[in-house]
Amino acid sequence: MTDNLGNVRAVRIEDEMRTSYLDYAMSVIVARALPDVRDGLKPVHRRILYTMGEMGLSSTSSYRKCAAIVGEVMGKYHPHGDIALYDALVRLAQDFSMRYPLVDGQGNFGSIDGDSAAAMRYTEARLTGIAAEILADIDKDTVDFADNYDGTQKEPTVLPARLPNLLINGSSGIAVGMATNIPPHHLGEVCDAARALIENPELTSDDLCKFVHGPDFPTGGIMFRYETRRNPITGENETIDAIRETYAHGRGRVVIRAQVAFEETRLGRMAIIVTELPYQVNKASLLEKMAEMVSGKKIEGIADLRDESDRDGMRIYIEIKRDADPHRVLNNLFKHTAMQVAFNTNMLALVDGQPQTLSLKSVLQHYIDFRRDIVRRRTEFDLAKARARAHILEGLKIALDNLDEVIKTIRESADVERARNNLISRFGLSEIQAQAILDMRLARLAALERKKIEDEYLEIIQVIAELEEILANPSRILAVIKDELLALKAKYAGPRRTRIADDSSREMTDEDLIADEDVVVTISRRGYIKRQPVATYRRQQRGGKGIIGHVTREEDAIEHLLVANTHDWALFFTNRGRVFSAKVHTIVDASRQAKGIAIINLPGVQVEPGEVPMATITLPDFAAGKFLVMATRNGIVKKTPLEQFDRVRSSGIIAITIASDDELAWVDVATGQDDVIVATAQGKIARFPEAEVRPMGRPAGGVIGIRLASKTDRVVGMSVVQPTADLLVLTETGYGKRVALTEFRPMHRGSQGVRLISLEGKRTGDVAAVQQVTELDEELLLISAQGQVVRTETNTINRYSSGARGVIVMRLHEADKVVGIAAFRAGLAQRGGLADNEAPIGPDASPSGEPIK
């Protein structure tokens with residue numbers, strides 16, 4: 001009986017359970033739940049991508065049924081259930097789960113509401129372009145292959161992965177006794193950090209945070225850098241940089257909030273509009289939770305709640321009751337719902353088959369080491385192929401050089417085998433070369449074909465030399481990696497989606513809830529002001545009549561026009577030299593036909609009778625090192641440090657002391673090293689260095705900038721200019737032109753200037769406005785005294801010399817005249833204004849390039 005029992009061993013049950021559990025745990029850790037640090041993929045995702053590559057499902061191919069893909073993966077490489085396999089495929093195609101989707105799906109692949117994907121027999125898929133970069137060069141012996149589960153196929157143990165996929169797409173998984181949760185990041189930032197680490201391997205994770213600003217979630221939202229936590233030792237609250245702490249230790253948490261804005265309804269109520277949710281938040285569940293809290297009186301003040309999302313994007317509409325405080329309602333939503341969540345990071349990945357918690361530097365260093373090996377193996381493969389081809393070409397060259405003898409040798413041979421041996425013995429060829437000669441078509445004996453063989457041989461020799469030089473010089477391999485990263489960034493990076501803010505512990509203020517957008521602000525002579533979205537004005541060609549941008553009372557003409565950001569500060573300078581300030585978002589948002597509200601009704605503005613705004617600028621802040629340059633109608637100029645205007649009382653402060661027969665009219669921002677131009681109504685212009693105007697205190701009266709040639713002349717424009725810019729000149733009757741600033745050489749302050757434009761009496765009228773335009777300016781807004789507005793592209797206005805009259809730029813109604821120009825970049829002024837290397841672009845301009853007069 002015992003012989004039939006086979007190999008029977010007595011084992012303690014606790015020992016067997018321990019061994020079996022450890023085997024199971026390691027199988028889950030290594031072969032299922034954790035990603036590899038090199039390509040950032042779990043085995044199931046790696047097998048899906050490899051199989052789709054084998055099936056030829058590139059980003060340019062036709063789609064294939066997901067059922068076919070799942071069947072192919074399951075039959076060859078993945079011995080698990082088809083449902084789990086399909087779920088993994090679906091996630092690779094979801095743009096709300098993957099920062100850079102690796103599968104391009106066609107059909108229903110689920111939604112942010114938690115809807116499941118359609119059955120695999122209905123959906124189709126192919127690889128995306130970025131997935132091709134992960135599979136790139138896999139056919140060049142760059143990675144090792146291993147047997148599949150039944151030994152009938154070979155599968156890659158890792159994919160070549162040109163890009164650092166573990167960071168850009170992140171990963172999450174639960175193993176036995178451990179879990180990973182790596183957030184996605186912006187490809188451009190990660191590529192910059194990897195390049196920086198290649199250049200300087202001594203960089204720390206803290207240094208790399210200068211490049212990687214934080215996670216970049218596919219659903220956007222607002223992420224907070226700093227977090228207030230209680231110190232367990234001292235018991236005191238302390239503020240820490242949560243992002244840097246996470247990257248330094250590989251563990252941490254960051255707080256993410258939904259992107260919201262206030263909107264006024266038609267009934268005069270306020271509504272909270274949610275356009276972005278934190279990562280991995282289910283929108284349908286969130287709305288259900290909100291409804292439960294409203295009905296349970298946990299959150300009060302909400303009158304209506306609905307989902308208005310469509311194909312254009314997410315939009316959750318939360319209407320506030322009339323007697324409720326919108327800020328309190330919103331703060332309660334952040335506190336009690338998933339509109340604010342914490343993302344807990346655990347950067348756990350497999351390194352040489354072992355799970356390790358990694359810092360930001362460690363992840364990037366492992367990626368660089370891996371790519372160094374990939375590039376080396378790829379180069380060795382290319383070198384071997386190049387040498388093999390050169391070997392064949394050398395044989396063909398020998399045959400062409402001894403063509404008659406080769407033909408004679410072949411003809412005299414009894415069969416192919418003897419012909420091959422005769423060629424080898426007579427001409428010293430290898431077997432491969434001899435076979436290539438026998439396989440060569442007769443057409444290649446033509447003179448042109450012979451030249452092609454010689455050219456190809458020379459080219460192959462150069463390629464061999466280049467590849468050998470790369471293998472002999474490790475720095476060349478690193479240079480190749482850097483070049484590839486730069487190309488990937490340029491091709492795939494795109495803009496960052498998740499905004500990074502400071503402290504999440506504070507409650508929301510009015511300004512936090514204002515949409516960050518660009519608006520057109522108009523001010524009339526009687527002091528009425530309003531703002532409208534830039535998109536209100538459609539583009540027109542030069543000479544268009546425009547649309548009504550502002551309805552004015554009789555004799556109340558438009559005086560000022562600017563393009564600003566809703567979060568900017570607006571400084572209003574009056575004709576008597578005083579200045580007031582207000583946030584741009586406090587200006588009423590009115591329709592094109594509305595006249596707006598009086599400036600005196602803005603918070604922080606108390607204008608005296610007879611005092612009207614004559615110049616307006618917008619500023620993101622009042623940073624030191626910049627100046628405000630002011631000019632009056634009579635040609636007086638003055639320069640004052642910008643920081644002297646950071647605190648403006650509601651009653652206003654003095655900006656310049658004005659003579660009784662003069663008035664302040666223009667203000668611009670300068671760096672201290674710029675040139676200033678001053679233009680007059682009678683077509684004169686003076687250009688002089690800003691340094692000739694010394695900085696003065698606010699009460700000072702200024703110095704002469706330009707001497708007016710007659711008592712009837714007056715200044716119509718002043719601007720701080722860039723040397724390479726053009727000036728756009730517009731007359732009262734709509735004639736205009738662009739003229740290069742280089743036509744006007746710098747002079748000393750106080751001159752009478754030189755000719756700016758040729759005026760022809762009533763036909764052209766006087767000069768109405770002068771506007772600086774740079775290569776960054778894409779569009780213009782032109783406005784008339786009766787409120788007509790034309791939006792046109794800058795390049796539609798031709799450049800002429802200083803002595804030319806120009807062409808019709810804006811066609812006006814009878815008795816109307818041009819009063820202002822604004823130049824701006826289409827799409828957008830970014831939050832916070834221009835970059836440091838950019839300059840304002842016109843009279844009454846802000847640092848973000850929003851001229852207004």
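Residues numbered from 1 in each chain as written. Predicted model: local features only at pLDDT ≥ 70, side-chain atom pairs only at ≥ 80, totals over all residues. Heavy atoms only, no water.

1. Thoughts on the overall build of the protein
The following threshold applies: The way it works is that DSSP assigns letters per residue, a run of H or I at least four long becomes a helix, a run of E at least two long becomes a strand, and they are numbered from the N terminus. Burial here depends on accessible area, computed with a 1.4 Å probe over protein chains only, as a share of the maximum for the residue type. Under 20% is buried, over 50% is exposed, and the range in between is partly exposed. Residue contacts are defined here by distance: any two heavy atoms, one from each residue, within 4.5 Å place the two residues in contact. Residue-level accessible areas treat just the shown protein chains as cover; the underlying method is Shrake-Rupley with a 1.4 Å probe.
For the protein, the helix and strand inventory stands at 17 helices and 43 strands. Considering the protein as a whole, with its 853 residues, one finds that 52% of them fall into the buried category. Counting contacts in the protein only where the partners sit at least 6 residues apart, residues at least 24 apart contribute 72% of the total. Carbon together with sulfur atoms contributes 48% to the accessible area of the protein, which is approximately 39,000 Å² in total.

2. Quick word on the confidence of the model for the protein
Using the following cut-off: You can read pLDDT as the predictor saying how much it trusts each residue, on a scale of 0 to 100.
Summary statistics for the protein give a mean pLDDT of 84 and a share of 89% for residues scoring 70 or more. Ignoring residues within four places in sequence, the model shows residues 541–557, a span with pLDDT below 50, making 70 contacts including any to other chains. Throughout residues 827–853 the model reports pLDDT below 50, and contacts reaching past four residues in sequence, or to other chains, amount to 108 contacts.

3. Examining the sheet that holds strand β37 (residues 735–740)
So the rule is basically this: Any two strands with at least two DSSP-identified bridges between them are counted as paired.
A sheet is described by the order of its strands in space; here 4 strands give the open sequence β39-β36-β37-β42, paired in antiparallel fashion. Looking at strand neighbours, the two that pair on one side only are β39 (767–773) and β42 (807–808), the edges of this open sheet.

4. A closer look at the environment of A67
Inspection of the secondary structure assignment puts A67 in helix α3 (residues 66–76). Judged by its relative accessible area of 31%, A67 falls in the partly exposed class. Each C-alpha atom of the pair A67 and Y122 lies 8.2 Å from the other, and the pair is 55 residues apart in sequence. When neighbours within four sequence positions are excluded, A67 is seen to be in contact with M120 and R121.

5. A short note on helix α1 (residues 13–33)
Counted only if it meets this: One less than the number of residues in a helix, times 1.5 Å, gives the span that helix is expected to have.
Over its 21 residues, α1 extends 28 Å from the first C-alpha to the last, a length consistent with the 30 Å expected when each residue adds 1.5 Å. The complete set of buried residues in α1 reads A25, V28, I29 and A33. In this fold, the buried residues of α1 make contact with β6 (171–174), β7 (179–182), β16 (348–351) and β17 (354–357).

6. Remarks on the pattern of salt bridges
Heads up, the rule is: Any Lys or Arg side-chain nitrogen found within 4 Å of a carboxyl oxygen on Asp or Glu counts as a salt bridge.
Inspection of the entire model under this criterion finds 52 salt bridges. Between E380 and R376 there is a salt bridge, and its shortest N-O distance comes to 3.1 Å. You can see E380 and its partner R376 sitting in helix α12 (residues 360–401), 4 residues apart, about one turn around the helix. The class for E380 is partly exposed, based on a relative accessible area of 36%. Through salt bridges that share partners, E133, D137, R162, R371, R378, E484 and K491 make up one connected network.

7. A look at the sheet that holds strand β13 (residues 302–307)
Strand pairing in a sheet is mediated by backbone hydrogen bonds. Such pairs are either parallel or antiparallel. The criterion, for reference: The convention used is that axes are lines fitted to C-alpha atoms, helices contributing only their stretch in contact, and that angles between N-to-C directions extend from 0 to 180 degrees.
On the basis of which strands lie adjacent, the open sheet formed by 4 strands has the order β11-β12-β14-β13 and antiparallel pairing. Where the open sheet ends on each side, the last strands, each with one partner, are β11 (259–264) and β13. Taken pair by pair, the neighbouring strands of this sheet meet at an average axis angle of 20°, ignoring direction. Where β13 lies against strand β14 (residues 316–320), 5 bridges are found, and the strand directions are antiparallel. Within β14, the position partnered with L305 by the bridge is I318. Those strands touched by helix α11 (residues 326–336) are β11, β12 (270–276), β13 and β14, and its axis lies near 35° from that of β12.

8. Some words on the packing of helix α7 (residues 187–199) against α12
Under the convention used in this document: To sort the angles, those under 35 degrees are grouped as roughly parallel, those over 145 as roughly antiparallel, those from 65 to 115 as roughly perpendicular, and the leftovers as oblique. Classification convention: Asp, Glu, Lys, Arg as charged; Ala, Val, Leu, Ile, Met, Phe, Trp, Tyr, Cys, Pro as nonpolar; all other residues, Gly among them, as polar.
Here α7 crosses α12 at 75°, and the two axes come no closer than 10 Å. Here α12 runs roughly perpendicular to α7, going by the angle between their axes. For the pair α7 and α12, the contacting residues are V190, A193, A194, L197 and I198 in the first and K361, L364, Q365 and I368 in the second. Class assignment of the residues belonging to the contact of α7 with α12 gives a composition of 7 nonpolar, 1 polar and 1 charged.

9. Examining the packing of helix α2 (residues 43–54) against α3
This is how it is decided: Should the near helix be turned anticlockwise from the far one by less than a right angle, the crossing is termed left-handed; should it be turned clockwise, right-handed.
With their axes 10 Å apart at the nearest point, α2 and α3 run at an angle of 110° to one another. Between α2 and α3, the angle falls in the class roughly perpendicular. Note on packing geometry: the crossing formed by α2 with α3 is right-handed. Across the interface between the two elements, R47, I48, T51, M52 and E54 of α2 pack against I69, E72, V73 and K76 of α3. Here the residues of the contact of α2 with α3 are counted per class, giving 4 nonpolar, 1 polar and 4 charged.

10. Looking at the pairing of strand β24 (residues 569–574)
Successive residues of a regular strand alternate their side chains across the two faces of the sheet. Counting buried positions over the 6 residues of β24 gives 5, a clear majority of the element. Sheet topology places β24 next to strand β25 (residues 578–583); 5 bridges connect them, and they run antiparallel. Looking across to β25, one finds that W569 is bridged to K583. Remark: 3 residues form the turn of the hairpin made by β24 and β25, two consecutive strands paired antiparallel; G577 in that turn has positive phi of roughly 90°. The pairing of β24 with strand β27 (residues 613–619) spans 6 bridges and is antiparallel.

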